Amino acid sequence: MDFYILKKQEKLVAIPADEQNCKAYIEDGYCYVDKVAACNERAAIKRLEAKQNKLYRAPMLLLLALPLLIFAWWRLSY
């Protein structure tokens, strides 16, 4: 089942993917975040959070690996 994830201030809400229902929430002050496939509302919010964490994980691993790569290159160069 598809869910729309909406946000108002810091509160995330997952609602079934129905455009009329979504428009009512947007008129109430919520902002559209994403559309997620999940079995229930709680799982939809967890999927969104996992999806957002993946975006930050790759750059962090690169930043951690960068000093090691520079050191290895420096050692092999001399």
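About the thresholds
- Residues numbered from 1 in each chain as written.
- Predicted model: local features only at pLDDT ≥ 70, side-chain atom pairs only at ≥ 80, totals over all residues.
- Heavy atoms only, no water.
- Helix = DSSP H or I, 4+ residues; strand = E, 2+ residues; numbered from the N terminus.
- Rg over C-alpha atoms; globule rule 2.2 N^0.38 Å.
- Buried < 20%, exposed > 50% of the residue type's maximum accessible area, 1.4 Å probe, protein only.
- Contact = heavy atoms within 4.5 Å.
- Areas by Shrake-Rupley, 256 points an atom, 1.4 Å probe, with all protein chains shown as cover.
- Lys, Arg positive; Asp, Glu negative; His and termini not counted.
- Charge placed at Lys NZ, Arg CZ, Asp CG, Glu CD.
- Patch = residues over 30% accessible without salt bridge, like charges linked within 9 Å, V, L, I, M, F, W, Y side chains within 5 Å.
- Salt bridge = Lys/Arg side-chain N within 4 Å of Asp/Glu carboxyl O.
- Pairing = 2+ DSSP bridges.
- Axes fitted to C-alpha atoms, helices over the stretch in contact; angles between N-to-C directions.

Q: Could you give me a rundown of the overall build of the protein chain, with the residues and numbers involved?
A: A count of helical and extended segments in the protein chain gives two helices and three strands. The N-to-C order of helical and strand elements in the protein chain reads β-β-α-β-α. A compact globule built from 78 residues would reach a C-alpha radius of gyration of about 12 Å, whereas the protein chain, at 20 Å, exceeds it by more than 25%. Dimensions along the principal axes, computed over C-alpha positions, put the protein chain at roughly 65 × 25 × 15 Å. By the burial criterion, 19% of the 78 residues in the protein chain qualify as buried. Contacts in the protein chain between residues at least 24 apart in sequence constitute 46% of all its contacts with a sequence separation of at least 6. As presented, the protein chain carries roughly 6,500 Å² of accessible surface, and 60% of it is formed by carbon and sulfur atoms. Side chains of the protein chain carry 12 positive and 9 negative charges; the gap between the two charge centres is 11 Å.

Q: Talk me through a nonpolar patch on the surface; I want residue IDs and the actual numbers.
A: Side chains of F71, W73, W74 and Y78 sit close together on the surface and give an oily, nonpolar patch of about 610 Å² of accessible area. With respect to the helices and strands, the residue W73 is situated in helix α2 (residues 41-77).

Q: I'd like to hear about the pattern of salt bridges, residue by residue, with values.
A: This structure, assessed with the given rule, holds one salt bridge. The closest approach of N and O atoms between K35 and D2, which form a salt bridge, is 3.8 Å. With K35 in strand β3 (residues 31-37) and D2 in strand β1 (residues 2-8), this residue pair connects regions lying 33 residues apart in the sequence.

Q: Go over the sheet that holds strand β2 (residues 11-16) with me, naming the residues and quoting the values.
A: By way of backbone hydrogen bonds, the strands of a sheet pair with one another, either parallel or antiparallel. The three strands are arranged β2-β1-β3 in an open sheet whose pairing can be described as antiparallel. On the outer flanks of this sheet lie β2 and β3, each paired with one strand and no other. Here the strands of the sheet are splayed against their neighbours by 25 degrees on average, with no regard to which way each runs. Bridge count for β1 against β3 is six bridges, and the pairing is antiparallel. Considered in β3, the bridge of L6 is made with Y32.

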